[in-house]
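# Chains, contacts and geometry: an overview
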Amino acid sequence: GEVRSVTFNYKDENGADKILAKKYVVLPETRVTLAEIPQRENYVFQGWYTEEKDDIVITNKDSEDDVTFSGEIPDEDKFILGSTDINYPSLDVYALWQERPEHSVMVTFQAYPGSSVQSIFVIQNNGWKMADNANWPATGDRAHYDPVAANKWFIADKDDNPANDVEFTKDKVLSEEGGDITVIAKWDGKTYTVRFMTGVGDAVYSSTTVKYPLNTVGLPVDMPTRDAGYSNDGKWYKTQGSGEVQFTETSIVTGDINVHPKWVTSDFNLTSLSAKYGAIDADFNTPFNAATYTYTSSLPSFAPSVTVRD
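Everything numeric here is computed off the predicted structure, so don't read it as measured data.

What counts and how
Residues numbered from 1 in each chain as written. Predicted model: local features only at pLDDT ≥ 70, side-chain atom pairs only at ≥ 80, totals over all residues. Heavy atoms only, no water. Helix = DSSP H or I, 4+ residues; strand = E, 2+ residues; numbered from the N terminus. Buried < 20%, exposed > 50% of the residue type's maximum accessible area, 1.4 Å probe, protein only. Contact = heavy atoms within 4.5 Å. Areas by Shrake-Rupley, 256 points an atom, 1.4 Å probe, with all protein chains shown as cover. Salt bridge = Lys/Arg side-chain N within 4 Å of Asp/Glu carboxyl O. Phe/Tyr/Trp six-rings, centres within 6.5 Å; stacked < 30°, edge-to-face > 60°. Lys NZ or Arg CZ within 6 Å of the ring centre and 35° of its normal.

### Examining the overall build of the protein
When helices and strands are tallied, the protein shows zero helices and 28 strands. Burial statistics for the protein: of 310 residues in total, 32% are counted as buried. Taking the intrachain contacts of the protein between residues at least 6 apart in sequence as the baseline, contacts between residues at least 24 apart amount to 50%. Of the roughly 19300 Å² that the protein leaves accessible, carbon and sulfur atoms contribute 45%.

This is the structure we're talking about:
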């Protein structure tokens, strides 16, 4: 496939131009991970921007951690970065910085460990509080978690006791002596349900739940049963793509899911046969027993009996 690239440029602590990383993607793949945030003393990183459109931040529509390309290149080399179409087979992006004011306190908003960071300076002339027009970040989304309080931020307890976290508001008075602070969002893991279906209609044999970050469940002690003549292999299965894979105690659960046994039957009615001499249709109304293997019927003289094997 065709190759697309993004080169991440930045200025180091001395103001010299540097290349932080160059990322590639081969179509039809459509996503490349953003380079790690560079460090520059007394500056705050604001995001990756194009030189041609330096007012457009380079983020993905779904996640701030990815650059997304369009997998369809009909008449021109086009890929999509965020909501912006950039008509080049490759692209240079540049780190945008905000210089730190003198006598300031920096508040860093980090939704969760490893997430993108948004920093805001608080300066003395607004009373050491967040300005009313300050860009108050949204907590956003986090895979497998719900926010405890949407768009609210907290100062974490020094002893790592979440019950003692203090909400951070625009009225919070800061001080240069108190130093910079980092505020966090609070999250609650989502609860997912695993339903163990009987494999007959929509009947549920048993169910259990798991709360993220836990992501595995125990299996039922027993397997469901059916009428005589039906059996299963004692395993559970889940649908994956166009097929099925076994579901075990180590299978990772990342959402609600139904699993089921596979049923086989040993007794059935034979309704047609095929022989090397041609098709032979016969009506066998007597249940066929797989343990017998040989079923005799009034067939032509060249085939007085038929042998059926699993």
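That shown, we press on.
### Some details on the pattern of salt bridges
Tallied over the entire structure, the rule returns five salt bridges. Here D188 and K211 are joined by a salt bridge, their closest N and O atoms 3.0 Å apart. You can see D188 sitting in strand 15 (residues 187-189) and its partner K211 sitting in strand 17 (residues 204-211), a full 23 residues away along the chain. Judged by relative accessible area, which is 37%, D188 ranks as partly exposed.

### Quick look at the packing of aromatic side chains
Summed over all chains, the structure comprises seven aromatic pairs. Between Y112 and W187, the ring centres sit 6.1 Å apart and the planes meet at 85°, which makes this aromatic pair edge-to-face. Placement of the pair is Y112 in the loop between strand 9 (104-110) and strand 10 (117-123) and W187 in strand 15, with a sequence separation of 75 residues. Exposure remark for Y112: the relative accessible area of 21% places this residue in the partly exposed category. Judged by its relative accessible area of 14%, W187 is buried. Lying across the ring of W263, R226 places its NZ or CZ 5.5 Å from the centre. For the cation-ring pair, K262 lies above Y237, with the distance from its terminal atom to the ring centre recorded as 4.4 Å.

### Overview of the side chain of T139
Here T139 shows up in the loop between strand 10 and strand 11 (145-147). Classification of T139 by relative accessible area gives buried; the value is 6%. Discounting chain neighbours no more than four positions away, the residues touching T139 are A111, P147, A150, N151, K152, W153, A185 and W187.

### Topic: unusual backbone geometry
The peptide bond linking Y212 to P213 adopts the cis configuration, its omega dihedral lying at 20°. Secondary-structure assignment places P213 in the loop between strand 17 and strand 18 (230-232). In the Ramachandran plot, H144 falls in the positive-phi region, its phi being about 70° despite a non-glycine side chain. Counting through the fold element by element, H144 comes out in the loop between strand 10 and strand 11. Residues other than glycine seldom take positive phi values, yet N151 does so here, at roughly 60°. By the element assignment, N151 lies in the loop between strand 11 and strand 12 (153-155).

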